[in-house]
Each structure stands twice: as structure tokens, then as C-alpha cells.
Amino acid sequence: MMRILTWMTVALMAMPLRAETARSPKDGALKPRLVVCTDIAPANVEPDDMESMVHLMAYADMFEIEALITSVGWNCDPYPTEWSLYMYRVMGAYATDVKNLMKRSGQKAFLPMEQENRSQRIGYWPSAEYVTSRVVMGSVNGGIRSIGEQNDSPGSELLIKLADEDDPRPIYVAAWGGANTLAQAIWRVKQTRSVDEVSDFVKKFRLYTITDQDMDYNHRMDRARSSHMWLRQEFQDDLQFIWDEGTWQEQCELGKQHWTHHQQNIQPKGALGKEYPNYKWGVEGDTPSFLYVLPNGLSDPEDPRQAGWAGYHERGMCPDSLTTAWTSWQEPVRSISVGYKQRFYPDEMADFEARMQWADQGEGNRNPIVVVNGHQGPSPLVIHAKAGDTLRLDASKSYDPDGDVLTEKWWQQPEIGTATLDIQWSDVATIRIPQDAAGQTLHVVCELCDQGPFTLKGYQRIIIVVE
């Protein structure tokens, strides 16, 4: 095991900085940069990280997986280094299934490793060699007490390297366990750089934590033990910090309620399905952290208020009663967030099931492609208008890559802006902007559903800026 980790560390240190863009066969938009900090463990200890990792790898064409960091969490302080072998098991399963998954986007081959280490585009399935090279060990010990000279790791060193690359995209860190490795990277940079340089470094990151797991479980309510509190206190103006309390619990419960779907359409499918364990406490509690970043057109992760597959968040006081962050732990925000999770869960589950069919058979259903007023892609369509205007949003150019019939729905997210829009549609949506909407920003979503297996969805968010 130590030989593997040493080899990985040497390989990572030799990675070139980004200089140009590697293009996928579809030549689409750039993927979001994703880092995962996971306390992945044996199934008899805690299987949900393994479940979420299988889920993530079925979407490897949607994320630029920059680092998969094995590190400390609730049930493991210190983290047993041998548990990282479960990560390599998932990578091995991906190596088997990726040749089938590539057929989903018509990809014929992998880019050279040198190019894979540069920017990737949505639709590109990375090689197993690439994703395996991104598995590193992070902080073995948790809590604020461990931050300092003795806590550097291949994971914290890689985070510094990633942030220093010449790449304007933010780095989204999904903390399935503790975010101690990120805290250590920031601490290390503080020792050698100016205040402004540290601020610029921290601003590269966005952090989504599944509760606060940077401590042992028995002390989980003592927030001062966690390095997460230090991050919120020291860098509240620089670090987008989402503290999820609510959505991840609902993910667990909905997974249990729909467990037959996992038994029938996940576990029997492909090599990845064989690595998907039975649940113990809940199902895929960590999955909202990367669904938040998923570029499916429904939400932009730069704005946590945009409701999506990871719920809905507002900025406010944290459960520690001392710091502020984006969170959904208090009412009425908690119920709103859970409500969106319940609303979108059937879409999420069907999407996952369809992808696992591709992993197993190399064929299956694909999502509708939403085109509104000529705009296509994961970024929101921004329209400037005036109070009293009538807008026409044309989705008639949308299509299904498999030729399925599409049904259409338009809806407004009421949590952003106070004006209520009158929306009528039939391919072309007619939206009347009220006279009292001046100065507001309003959000509308076009949602298309196909009639193929699993009835997959496609989305496009429209942001209307009322001048």
C-alpha cells in the first residue's frame, strides 16, 4: 500500500501545469473542477462513501476530477490508510466500464495523459489511468488541533498545486468526511504568502461540507474542535462555504425508500454496480455535494440560492451560533431545501439508473438537449427586460438525441425575487413581467422530459434581470 501511495505522490508532483485546453469529442463547455475529500471505508463500517463514489464515476464525463482525497471523518480519527484500497476498487471497476460509458457520448479513444491533465470538456470520459492518478492521501488526523507543521499530506500539497495553476475556473471541494486537508493547504500557504496572496488563494475554492465531520462522532456537537469553524471565521469573505444540514439526511432517507431501484438497476449493472454496497445507516448521504456542481443546466453552483438536485441554501447563521455560511439547517429554509430534494429525486435516480445501463450494456437512453432562444449548455441564459414587458422564450429547437418525443414544462423559482410571473407555453413560452418587478432578478426553468427508458430530464435556467 505504501509503495502505491509513494508512486502516486511522485506521479502527481510531475504533473504539468495547465497551459492549453484538451478538447473532448463533443467540444462542449469546460467541466467544473471537482475535488472530493472522502473517509471511504469498508461496507461493514460505513458504506455510503463507496455508494457515492460509484455514483460519481458514472458521471466522470461531467466533472474534471482533480483529486480524490482519502482522509479523516466521523468514524475514523485517525483514518486507517488501508481503507483507501476501497477507492482503488472503484477505480478498477471504472476501468472495466468506461469503454461502455464512452459510447454514451460517441467517444472513440482517450486523450494522451499529458492532455488529460489539462482542462477537459463536458462529455469527455477520462481514462482510468487519469482518475487513478488523482487518488491521494489527505489528513489522517482531524480537528483544528491537527492543523500545523505535522499535518501536510500529498492531498494538501496537491490542493496548493491545483490552486496555483493558470486556470480561472473555481475548484469545488466536496467534503464527504472532513475538509481538514483543505484547511491544512490554506494554513500552509499562510506561512509563506502575503495577506492578499492568501486571499486570492482561498478565493479559488468553493467548499460543500456534508454536515461537519472534522472530528470524532462523539464530539460532533463541539464545533470549536473542527477546522471548519476556523475556515468560516478566518475566511468568511473569501470562501464560499456551504454547510449542508438537511439535504444529505433527505438523500439518505429517499435512498432507503427507493432501495429496490438500487437493487434492480444499480447493483446488477456493470463492474461499478458490483462495487455498490448495501446501505447500513442511509443511502449516499454524501452525494448532494457533487450533485450541487453537476452541470445539467438546472442550477449554477456559483449561486447557492438556485434550487437543484442538491436542494436550496441561503446565507445565514450556522449551527455553531458564531459563524455564517450558506446553509439550510433552519426553518423555513430547511423545508424548502428538503422539498426541492424530494421534487428532483426521481429525476436524479432515473438519471443514475440510465447511466448504469450504459455502463453495463454500452447503450441506453440519453437526456434531452434544451435550447432556449438559441442558448444551449449548462450556463444560465440571462435576459434583460423592463417591467411590463412580454418575453418570448423559444424552446422549439430543443431535441432528444434518441429521437424521443419531449414534453415541456416551465416554472418559476419563487425564492429569488418577489414578483410572480404569468407563464404560458407551447414550445414558445410567453412571460408577462409585472409592473412591480422593476429592479428584481427573477428565475425561470425550462424542463423537458423524454419518453425513453427511465424518462430522463433536461433543464435550462433563465435569469431575467428586470431593469
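See above for the structure.
Participant: How would you explain the side chain of Glu250 if you had to name every residue and give the values?
Facilitator: On the secondary structure map, Glu250 appears in helix H10 (residues 247-257). No salt bridge is formed by the buried Glu250, whose closest oppositely charged neighbour, Arg334, lies at an N-O distance of 6.7 Å. At 3.0 Å, the side chain of Glu250 and the side chain of Gln342 are in polar contact. Aside from chain neighbours lying at most four places away, what touches Glu250 is Val338, Lys341 and Gln342.

Participant: Before we move on, can you summarise the sheet that holds strand S15 (residues 457-466) with the specific residues and values?
Facilitator: Reading across from one edge, S9-S15-S14-S11 is the order of the four strands in this open sheet, with mixed pairing throughout. Strands at the two margins of the open sheet, each flanked by one partner only, are strand S9 (381-385) and strand S11 (407-413). Each strand axis lies, on average, 25° off the axis of its neighbour in the sheet, ignoring direction. As paired strands, strand S14 (residues 441-449) and S15 are joined by nine bridges and run antiparallel to one another. The partner of Cys446 across the bridge, within S15, is Gln460. On top of the sheet, helix H14 (residues 333-361) reaches S11, S14 and S15; it is set at about 160° to S11, its chief contact.

Participant: For the nonpolar core, give the residues involved together with the corresponding values.
Facilitator: Formed by 75 residues in total, the largest nonpolar core has its most connected members in Met53, Phe63 and Tyr94. Among the elements that take part in this core, H14 stands out by supplying nine residues, more than any other. Every residue in contact with Tyr94, bar those within four places of it in the chain, is listed here: Met57, Ala60, Leu101, Trp125, Pro126, Ser127, Ala128, Val131 and Leu272. If you look at the next biggest cluster of nonpolar residues, it comprises 34 residues, including Cys37, Leu159, Ala175 and Val198.

Participant: Please set out unusual backbone geometry residue by residue, giving values where relevant.
Facilitator: Working note: non-glycine residues mostly have negative phi, and peptide bonds are mostly trans. Omega for the bond connecting Asp77 with Pro78 falls within 30 degrees of zero, at 10°, which places this linkage in the cis form. Within the secondary structure, Pro78 is located in the loop between strand S2 (64-70) and helix H3 (85-101). In this model, Asn373 sits at a positive phi of 50°, which is unusual for a non-glycine residue. With respect to the helices and strands, the residue Asn373 is situated in the loop between H14 and S9. Non-glycine residue Phe454 carries a positive phi angle of around 75°. Counting through the fold element by element, Phe454 comes out in the loop between S14 and S15.

Parameters and conventions
Residues numbered from 1 in each chain as written. Predicted model: local features only at pLDDT ≥ 70, side-chain atom pairs only at ≥ 80, totals over all residues. Heavy atoms only, no water. Helix = DSSP H or I, 4+ residues; strand = E, 2+ residues; numbered from the N terminus. Buried < 20%, exposed > 50% of the residue type's maximum accessible area, 1.4 Å probe, protein only. Lys, Arg positive; Asp, Glu negative; His and termini not counted. Salt bridge = Lys/Arg side-chain N within 4 Å of Asp/Glu carboxyl O. Polar contact = N/O pair within 3.5 Å; in protein donor to acceptor, adjacent residues only side chain to side chain. Contact = heavy atoms within 4.5 Å. Pairing = 2+ DSSP bridges. Axes fitted to C-alpha atoms, helices over the stretch in contact; angles between N-to-C directions. Core = buried A, V, L, I, M, F, W, Y, C linked by side-chain atoms within 4.5 Å.

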